[in-house]
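Descriptive analysis of the structure
Here's the letter readout for the chains.
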Amino acid sequence: MRGMTNQAATEAGHRAHQPGTAGQITAAWAWVFCAWLVATASALGALFLGEVMGHTPCVLCWYQRAAMFPLVWVLAAGLFPLDRRVVRYALPLALVGLGLALFHLALIAGLVPEGARPCQQGVPCASAQVVWFGFVTIPMLSALSVSSVAGLLLAAHLKGSTP
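Okay, so let's go over this structure. Residue numbers run consecutively from 1 along every chain, following the written order of its sequence. In keeping with the predicted nature of the model, local features appear solely for residues at pLDDT of at least 70, side-chain atom pairs appear and are counted solely at 80 or more, and the whole-chain, interface and lining totals rest on all residues. Hydrogens and water are ignored here; the side-chain numbers use all heavy atoms of the structure.

There is a patch of nonpolar side chains on the surface, built from Phe-48, Val-52 and Met-53 and spanning about 310 Å² of accessible area. By the criteria applied, helices consist of DSSP H or I runs no shorter than four residues and strands consist of E runs no shorter than two, each listed in order from the N terminus. Mapped onto the elements, Val-52 comes out in helix α2 (residues 22–52). For patches, a residue must show more than 30% relative accessible area and have no salt bridge; joins then use 9 Å for like charges and 5 Å for nonpolar side chains, namely Val, Leu, Ile, Met, Phe, Trp and Tyr. Residue exposure ignores everything except the shown protein chains as possible cover, and the areas themselves are Shrake-Rupley values with a 1.4 Å probe. Each reported salt bridge corresponds to a side-chain nitrogen of Lys or Arg within 4 Å of a carboxyl oxygen of Asp or Glu.

Take a look at the structure:
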């Protein structure tokens, strides 16, 4: 590393700890970037619905937001420079959000017994506040976005680690 600047030596050392070809790193970066785009669009959509449209979120929606909003920052931090370990940190958040969204969908469908319903006061969780096209609800959009993020993160992990 003689004759290199400190920054170049640091970057060379960083690359040495991340095995894989440039194509694998580029593919992994693209998958994580797409996951970041989905998470950012979802977070902005949730803020738009709450702050601009005036829809007050229920308790489960707040929990789903708590799983989605940090993904924007965690994924962005893992992109520059690409840190393949970002999947370890972001995937659990996405899976928690997915579990909450699926529970919320089951609640709206009437599959959850009355005693297990978390929203007893305030905005009801068991009814869909917004329904587009006769079937698209906010919890459905949440489930779609967090499952997309989880799938993209799994793709980044698999594409970035296969030779």
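Right, picking up where we left off after that structure.
As a rule, the C-alpha atoms of each element are fitted with a line to give its axis, helices using only the stretch in contact, and angles between N-to-C directions run from 0 to 180 degrees. In contact at an axis separation of 9 Å, helix α3 (residues 59–79) and helix α4 (residues 86–108) are set at 160 degrees when each is read in the N-to-C sense. If you check the angle between α3 and α4, you find them roughly antiparallel. At the point where α3 passes α4, the crossing takes the left-handed sense. Contact with α3, carried on its side by Leu-60, Cys-61, Tyr-63, Gln-64, Ala-67, Pro-70, Leu-71, Val-74, Leu-75 and Gly-78, involves Val-86, Tyr-89, Ala-90, Leu-93, Ala-94, Gly-97, Leu-100, Ala-101, Phe-103, His-104 and Leu-107 of α4 and no other residues of that element. Note that the term roughly parallel is reserved for angles under 35 degrees, roughly antiparallel for angles over 145, roughly perpendicular for angles of 65 to 115, and oblique for everything else. By definition, turning the near helix anticlockwise from the far helix through less than a right angle yields a left-handed crossing, and turning it clockwise yields a right-handed one. Here, residues are in contact when the closest pair of their heavy atoms is within 4.5 Å.

An expected span of 1.5 Å times one less than the residue number is assigned to each helix. Under the 1.5 Å per step criterion, the end-to-end length of α4 is 33 Å for 23 residues, consistent within 8% with the ideal 33 Å. Looking one or two residues past α4, Gly-110 carries a phi angle of roughly 85 degrees, positive in sign.

Cis geometry is adopted by the peptide bond preceding Pro-81, which originates at Phe-80 and carries an omega value of -10 degrees. Take Pro-81: it is sitting in the loop between α3 and α4.

When the centres of two rings from Phe, Tyr and Trp lie within 6.5 Å, Trp using its six-membered ring, the rings pair. Their planes under 30 degrees apart give stacked, over 60 give edge-to-face, and anything left gives tilted. Summed over the entire model, instances satisfying the criterion amount to three aromatic pairs. Ring geometry for Trp-29 and Phe-33: centres 5.1 Å apart, planes at 5 degrees, overall stacked. Of this pair, Trp-29 and Phe-33 both sit in helix α2, four residues apart, roughly one helical turn. For every residue, the accessible area obtained with a 1.4 Å probe (protein chains only) is divided by the maximum for its type, and the residue is called buried under 20%, exposed over 50%, and partly exposed between those limits. The exposure class assigned to Trp-29 is partly exposed, which follows from its relative accessible area of 29%. Assessed through its relative accessible area of 26%, Phe-33 is described here as partly exposed. Three or more aromatic residues joined by ring pairs make a cluster, and in this case those are Trp-29, Phe-33, Trp-36 and Phe-80.

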